[in-house]
Amino acid sequence: MKRIITIILSLLFFISLAQAQHDASQGIHIGMQGGIGYGLYRDIGASPLTYRGLELMSGLSVSVWQPLWRFETRLNLCGGGYGNRLGLNYMQAYGGQVRIDFQAMRKTVEMGRWQLWAGASLDDRADIRYNSTLGNSCVGASNFINLNLIGRAEMHLSHWVLHGQLAMTPLSLLLRPGFCYMDNYDHQINNPLSDFMKQYQWYWAGATIVATQLGATLLLQNGNRVALSYRWHYLTSRATADNVTAPYTFEQAGHAIVFELGFKL
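Residues numbered from 1 in each chain as written. Predicted model: local features only at pLDDT ≥ 70, side-chain atom pairs only at ≥ 80, totals over all residues. Heavy atoms only, no water.

Q: Tell me what's going on with the overall build of the chain, and back it up with residues and numbers.
A: The number of helices and strands found in the chain is one helix and eleven strands. In the chain, the order of α-helices and β-strands from amino to carboxyl end is α-β-β-β-β-β-β-β-β-β-β-β. The 265 residues of the chain split such that 40% are buried. For the chain, restricting intrachain contacts to residue pairs at least 6 apart in sequence, the fraction spanning at least 24 positions comes to 63%. (Helix = DSSP H or I, 4+ residues; strand = E, 2+ residues; numbered from the N terminus. Buried < 20%, exposed > 50% of the residue type's maximum accessible area, 1.4 Å probe, protein only. Contact = heavy atoms within 4.5 Å.)

Q: A description of the environment of Val 161 should follow, citing residues and the corresponding values.
A: Within the element layout of this structure, Val 161 appears in strand E7 (residues 160-176). For Val 161, a relative accessible area of 7% translates into the label buried. Sequence separation of Val 161 and Ala 216 is 55 residues, and the distance between their C-alpha atoms is 5.6 Å. Residues contacting Val 161, with those up to four places away along its chain left out, are Glu 154, Met 155, His 156, Gly 215, Ala 216, Thr 217 and Leu 219.

Q: Just give me the short version of a nonpolar patch on the surface, but keep the residues and values in it.
A: Nonpolar side chains collect at one region of the surface, where Ile 28, Ile 30, Met 32, Leu 60, Val 62, Phe 263 and Leu 265 lie side by side and expose about 630 Å² of accessible area between them. Element by element, the count of residues in the nonpolar patch is highest for strand E1 (residues 27-43), at three residues. Examined against the element boundaries, Leu 60 turns out to sit in strand E2 (residues 47-65). (Patch = residues over 30% accessible without salt bridge, like charges linked within 9 Å, V, L, I, M, F, W, Y side chains within 5 Å. Areas by Shrake-Rupley, 256 points an atom, 1.4 Å probe, with all protein chains shown as cover. Salt bridge = Lys/Arg side-chain N within 4 Å of Asp/Glu carboxyl O.)

Q: A description of the nonpolar core should follow, citing residues and the corresponding values.
A: Counting eleven residues, the largest nonpolar core is built from Tyr 41, Tyr 51, Tyr 82, Ala 93, Phe 144, Leu 174, Tyr 203, Ala 205, Ile 209, Leu 235 and Phe 250. Take this core: its biggest share by element is three residues, from strand E9 (residues 201-219). Excluding residues that lie within four positions of it along the chain, Ile 209 makes contacts with Arg 125, Asn 146, Ala 167, Met 168, Thr 169, Tyr 234 and Leu 235. (Core = buried A, V, L, I, M, F, W, Y, C linked by side-chain atoms within 4.5 Å.)

Q: Go over unusual backbone geometry with me, naming the residues and quoting the values.
A: With phi around 55°, Ser 158 is a residue other than glycine that occupies positive phi space. By the secondary structure assignment, Ser 158 is in the loop between strand E6 (139-157) and E7. Phi angles above zero are rare outside glycine, and Ala 207 is one such case at about 50°. Since its relative accessible area comes to 46%, Ala 207 is described here as partly exposed.

Q: An account of the packing of aromatic side chains is requested, with residue identities and associated values reported.
A: What describes a pair of aromatic rings is the distance from one ring centre to the other and the angle between the planes of the rings. Under the defined criterion, the tally for this structure stands at four aromatic pairs. With a centroid separation of 5.3 Å and an interplanar angle of 90°, the aromatic rings of Tyr 41 and Tyr 82 are classed as edge-to-face. On the criterion of sequence distance, the pair formed by Tyr 41 in strand E1 and Tyr 82 in strand E3 (residues 69-83) is long-range, its members being 41 residues apart. The exposure classification of Tyr 41 matches that of Tyr 82, with both residues buried. Judged by centre distance (5.8 Å) and plane angle (10°), the ring pair of Trp 69 and Phe 71 falls under stacked. Exposure remark for Trp 69: the relative accessible area of 34% places this residue in the partly exposed category. When its relative accessible area of 36% is taken as the criterion, Phe 71 is described as partly exposed. Cation over ring: Arg 129 sits above Tyr 41, and NZ or CZ is 4.4 Å from the ring centre. Directly above the ring of Trp 65 sits Arg 225, whose terminal nitrogen or CZ lies 3.9 Å from the centroid. (Phe/Tyr/Trp six-rings, centres within 6.5 Å; stacked < 30°, edge-to-face > 60°. Lys NZ or Arg CZ within 6 Å of the ring centre and 35° of its normal.)

Q: I'd like to hear about the pattern of salt bridges, residue by residue, with values.
A: Tallying each qualifying case throughout the model produces twelve salt bridges. Among the ionic pairs, Asp 123 bridges to Arg 99, the shortest N-O distance being 3.8 Å. One end of the pair, Asp 123, is in strand E5 (residues 114-131); the other, Arg 99, is in strand E4 (residues 91-111), with 24 residues separating them in the sequence. A relative accessible area of 24% places Arg 99 in the partly exposed class. A salt bridge links Arg 152 to Glu 154; the nearest nitrogen and oxygen atoms lie 2.8 Å apart. We note that Arg 152, like Glu 154, is buried.

Q: Explain the side chain of Lys 107 residue by residue, including any values.
A: Within the element layout of this structure, Lys 107 appears in strand E4. According to the relative accessible area criterion, Lys 107 is buried, its value standing at 12%. Here the side chain of Lys 107 touches Pro 67 through a polar contact of 3.2 Å, landing on its backbone oxygen. Discounting chain neighbours no more than four positions away, the residues touching Lys 107 are Pro 67, Leu 68, Gln 115, Leu 116 and Trp 117. (Polar contact = N/O pair within 3.5 Å; in protein donor to acceptor, adjacent residues only side chain to side chain.)

Honestly, that's just the spatial picture; any functional story needs more than this.
Have a look at this one:
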């Protein structure tokens with residue numbers, strides 16, 4: 001009799017645990033992200049050198065997970081110090097990116113533990129850099145408005161979800177060419193901002209960004225989530241032969257380990 005009662009209680013426990021885990025993957029979550037990584041960039045509008053350094057990142061998100069659809073809005077900040085080589089003695093430049101992202105994904109395939117998701121997102125990346133060695137062209141900025149295509153594969157193991165994700169940007173609207181002249185002494189010395197962003201222009205570019213993720217998410221019984229992921233991305237502003245349509249190429253890449261907490265509302 002005791003053995004039967006034990007078996008029944010065990011079954012009830014695992015059923016309730018499975019139900020809690022299922023519910024944890026649905027609903028509305030507030031997310032908080034933080035991470036550390038290694039980044040590098042090169043701006044031909046200012047210097048052909050590649051600058052590299054350590055980066056810190058943080059973010060906030062609101063996500064809505066449904067059985068067939070997922071919607072997410074994110075605000076991410078990433079910044080660091082950079083130099084020709086790694087190390088505090090070589091640090092010459094500072095800066096980073098602010099990114100706002102709106103994403104929608106739909107489940108396309110479900111096979112046992114495996115799920116495949118596909119979707120798209122629209123994001124805006126504002127990038128700003130300060131280089132202490134470049135005189136009156138020490139401040140540079142870029143802006144990317146991107147249409148992204150996303151594919152994601154997930155494997156569900158009890159209360160764990162393992163994932164791999166690929167995102168590509170077929171089309172971007174950019175504001176460039178490179179560094180803002182804070183004071184052009186050959187022009188108007190009495191107006192140091194007369195040439196600030198004067199050479200900037202909007203233009204279209206294709207195949208500008210590729211980004212990947214590999215990670216794991218733990219679904220807690222109370223509906224909250226804990227996740228850890230490795231992320232890599234590469235970004236380019238493109239250029240043409242005459243440097244008019246797409247002037248002064250900007251390239252940036254980064255590796256990061258990101259920790260995330262998701263709180264169910």
